[in-house]
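Commentary on secondary and tertiary structure
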Amino acid sequence: MDGKMMGKPSRKTVSTKRKRIAQLAKQMPGEALTSLSHHIDIAWLEEAHRRTRKDGAVGVDGQTAEEYAANLEGNLQSLLDRAKSGDHYRAPPVRRVYIPKEGRSKTRPIGIPTFEDKVLQRAVVMALEPVFEQDFLDCSYGFRPKRSAQGALEALRNHVMEMRGGGWVLEADIEGFSDSVDHAQLRRMFCERVRDGVLVRLIGKWLKAGMLEDGCVYHADTGTPQGGVISPLLANIYLHEVLDVWFHQQVLPRLRGRAHLVRYADDFVIVFDTEVDAHRVLDVLPKRFGKYGLRLHPDKTRLVRFTKPRGGPKPPGSDDDHPGSFELLGFRHFWGRSRKGHWVVKRKTASSRFSRALHRIASWCRVNRHWSISQQHEAPNAKLRGHDAYYGISGNYRMLASLRREVERIWCKWLSRRSRKGVLKLGENGRLASTPSFGACAGRPLPVPRVAKP
């Protein structure tokens, strides 16, 4: 393969093109762009290939990233020719698998496109993202450049703290969102901003590609393949009109008090200053979603009074000073005292996420207990570091430390079952006790969470 193919000049060229697309979209608000696909060339596909994960599961064709890279230049040129020629490109079905959700028995479906399809979808996302980023509102944080779940959590906390004494929180959950997106509505929303024939045709083919499950291909008029590279962008386009624009243009002007929406993909909460506004929006929200084929989960959608606890003793039989709590993005939000004694919004790992993380690490320790202790010591370290990278926010130290203690206990339990001779125990400070069978790792602790203590 030509060494010049994967050089830095291609990345600079792609970056320059994306900036031009963004400038054009910003100069033409509300107008449809009709010429975008000409930016997608070999250099563009090279960059898309570089950004595509290489360790993902294979699609229906069984081709791995290594096999595709063996003739990368030829494969990308063939992909480019077929994608722009119209009928020569056929979107392959998405392989459907099921992954655990929340507990041990619950699962959720996820689609796995072929590797070539992932590259092409990444290339299309790179072309569309600069356009729709000019339209998306600040209330959405999911799968957007320079935005993250931590940003959504911080914005939510600031919104609640801005309301003196707290307010009311509408905790909502869209039931089966990825399977409920109406294709006709999505195409209309898409074409209001982009009318490039090549891109419109590709989006239509991906929506019609179908799912391969148990040897049969299923087609549906609704839904986007959860797990596809293009799916998060399509979800944001859909919910941008269904929820974000509607809330800011039609709902906010009619409310008596302040209100704030924070959305991460299809997870969102709305904070209200008054109870009247909260009930009004809760009444009209199902009707708004029903117009677009969506449905709120009846058991997971609730209105929570989230106010500061009142000081002093409780009157007998009264619960007026109970402020409630709610969850978003794996964190439980609640009122607590700061170090200076002030009431502030605190966050800790939700119990369901804590149990899920512990179950996964415990399963790994059970299955791989035959490995050497040095090898096993590195695996829990890596898993805990990954957990801390997301949940390691200020005020959550106790939950992270609790997970560390439980992992050490479970790890010692499964190590002790490897042999009848040596029993591994926890010594001082949770360190592995020194025994003849496990001398190599004696005294080696698991990593301490690096977050601010409450």
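Given the structure is predicted, the values throughout are model-derived calculations rather than measurements.

**Some thoughts on the nonpolar core**
Counting residues in hydrophobic clusters, the biggest one holds 74 residues, and the most contacted among them are Leu-128, Trp-206, Ile-237, Tyr-238, Phe-268, Phe-272 and Phe-289. Those residues in contact with Ile-237, other than ones at most four positions away along the chain, are Phe-132, Phe-136, Leu-186, Met-189 and Phe-190. Membership of the second largest hydrophobic core comes to 25 residues, among which are Ala-149, Ala-155, Val-345 and Ile-393.

**Considering unusual backbone geometry**
If a residue is not glycine, its phi is most likely negative; likewise, a peptide bond is most likely trans. Non-glycine residue Phe-143 carries a positive phi angle of around 55°. Unlike most non-glycine residues, Lys-146 shows phi in positive territory, near 60°. Mapping Lys-146 onto the fold places it in the loop between helix 5 (115-132) and helix 6 (149-162).

**A few points about the packing of helix 12 (residues 373-391) against helix 13 (residues 397-416)**
To characterise two packed helices, one gives the angle between the axes of the helices and the distance between these axes. Put simply, helix 12 and helix 13 touch, their axes get as near as 11 Å, and they point 160° apart. The angle between helix 12 and helix 13 falls in the class roughly antiparallel. Seen from above, helix 12 lies across helix 13 with right-handed handedness. On helix 13, the residues that touch Ile-373, Gln-376, His-377, Pro-380, Leu-384, His-387, Asp-388 and Tyr-391 of helix 12 are Leu-400, Leu-403, Val-407, Trp-411 and Leu-415. Of the residues assigned to the contact of helix 12 with helix 13, the class counts are nine nonpolar, three polar and one charged.

**What to know about helix 6**
For the α-helix, the turn length of 3.6 residues means that residues three or four positions removed from each other point alike. With 14 residues, helix 6 extends 20 Å between its outermost C-alpha atoms, agreeing within 8% with the 20 Å of an ideal straight helix rising 1.5 Å per residue. When we look at burial in helix 6, the residues that qualify are Ala-149, Ala-152, Leu-153, Ala-155, Leu-156, His-159 and Val-160. Buried residues along helix 6 cover an arc of 165° about the axis, so they all sit on one side.

**Description of helix 9 (residues 231-251)**
The axis of helix 9 is deflected most strongly, by about 50°, at His-240. Counted residue by residue, helix 9 has 16 buried out of 21 residues, so it is predominantly covered.

**Quick look at the sheet that holds strand 10 (residues 331-337)**
Taken together, the three strands give an open sheet; going across it, the order is 9-10-11, and neighbouring strands pair in antiparallel fashion. The sheet is open, and its two edges are formed by strand 9 (326-328) and strand 11 (343-349), each paired on a single side. For this sheet, the mean angle separating the axes of adjacent strands, direction not counted, is 40°. The sheet contact formed by strand 10 and strand 11 spans seven bridges and is antiparallel. Of the residues in strand 11, the one forming a bridge with Trp-335 is Val-345.

**With respect to the pairing of strand 3 (residues 166-173)**
The element strand 3 is extensively covered by neighbouring structure, given that eight of its eight residues are classed as buried. Direction of pairing for strand 3 relative to strand 7 (residues 267-272): antiparallel, over a ladder of six bridges. Considered in strand 7, the bridge of Trp-168 is made with Phe-272.

**Section: the pattern of salt bridges**
In this structure the tally under the stated criterion is 22 salt bridges. Here Arg-18 ties to Glu-129 by a salt bridge, and the two come within 2.8 Å at their closest N and O atoms. With Arg-18 in helix 1 (residues 8-27) and Glu-129 in helix 5, the pair connects residues that are 111 residues apart, well separated along the chain. For Arg-18, a relative accessible area of 17% corresponds to the buried category. On the basis of relative accessible area, Glu-129 is assigned to the buried category, the value being 19%. Of the charged contacts, one joins Arg-96 and Glu-213 as a salt bridge, the two residues approaching to 4.0 Å between their closest N and O atoms. Of this pair, Arg-96 sits in strand 1 (residues 94-100) while Glu-213 sits in strand 4 (residues 211-213); the two residues are 117 residues apart in sequence, bridging distant segments of the chain. Arg-96 gets classed as partly exposed once you look at its relative accessible area, which sits at 22%. The class for Glu-213 is buried, based on a relative accessible area of 18%.

**Details of the packing of helix 9 against helix 10 (residues 275-290)**
Relative to each other, helix 9 and helix 10 sit at 135°, their axes nearing to 11 Å. In terms of orientation, helix 9 and helix 10 fall into the oblique class. As for the relative orientation of helix 9 and helix 10, their crossing is right-handed in sense. Of the residues in helix 10, those in contact with Glu-241, Val-242, Leu-243, Trp-246 and Val-251 of helix 9 are Val-281, Val-284, Leu-285, Arg-288 and Phe-289. Residue classes in the contact of helix 9 with helix 10 are distributed as eight nonpolar, no polar and two charged.

**Remarks on the state of the cysteines**
In protein structure, a disulfide is the covalent linkage between the sulfur atoms of two cysteines. For the structure shown, the criterion picks out zero disulfides. Free cysteine Cys-412: the closest other cysteine sulfur is in Cys-365, separated by 9.5 Å.

**Overview of the confidence of the model for the protein chain**
Of all residues in the protein chain, 86% have pLDDT values of 70 or greater, and the mean over the chain is 85. Below a pLDDT of 50 lies the segment residues 312-321, which in the model reaches seven contacts outside its immediate sequence neighbourhood of four places, other chains included. Taken as a whole, residues 433-443 scores under 50 in pLDDT and shows 20 contacts with residues more than four places along the chain or in a different chain.

**With respect to the side chain of Lys-17**
On the secondary structure map, Lys-17 appears in helix 1. Separated by 3.3 Å, the side chain of Lys-17 and the backbone oxygen of His-39 make a polar contact. With residues up to four places along the chain from it excluded, the contact list for Lys-17 reads His-39, Asp-41 and Trp-44.

**Points about the sheet that holds strand 5 (residues 216-218)**
Through backbone hydrogen bonds, the strands of a sheet pair up, either in parallel or in antiparallel fashion. Pairing within the open sheet is mixed, and its four strands lie in the order 2-1-4-5. The outermost strands of the open sheet, each flanked by one partner alone, are strand 2 (107-112) and strand 5. For this sheet, the mean inter-axis angle between neighbouring strands, taken without regard to orientation, is 45°. When strand 4 meets strand 5, the two strands line up antiparallel, connected through three bridges. Looking across to strand 5, one finds that Glu-213 is bridged to Cys-216.

The rules we used
- Residues numbered from 1 in each chain as written.
- Predicted model: local features only at pLDDT ≥ 70, side-chain atom pairs only at ≥ 80, totals over all residues.
- Heavy atoms only, no water.
- Core = buried A, V, L, I, M, F, W, Y, C linked by side-chain atoms within 4.5 Å.
- Buried < 20%, exposed > 50% of the residue type's maximum accessible area, 1.4 Å probe, protein only.
- Contact = heavy atoms within 4.5 Å.
- Helix = DSSP H or I, 4+ residues; strand = E, 2+ residues; numbered from the N terminus.
- Axes fitted to C-alpha atoms, helices over the stretch in contact; angles between N-to-C directions.
- Parallel < 35°, antiparallel > 145°, perpendicular 65-115°, else oblique.
- Left-handed = near helix turned anticlockwise from the far one by under 90°.
- Nonpolar A, V, L, I, M, F, W, Y, C, P; charged D, E, K, R; others polar.
- Expected span 1.5 Å × (residues − 1).
- Arc of directions from axis to C-beta.
- Bend = angle between axes of the 7 residues up to and from the residue.
- Pairing = 2+ DSSP bridges.
- Salt bridge = Lys/Arg side-chain N within 4 Å of Asp/Glu carboxyl O.
- Disulfide = S-S within 2.5 Å.
- pLDDT = per-residue confidence, 0-100.
- Polar contact = N/O pair within 3.5 Å; in protein donor to acceptor, adjacent residues only side chain to side chain.

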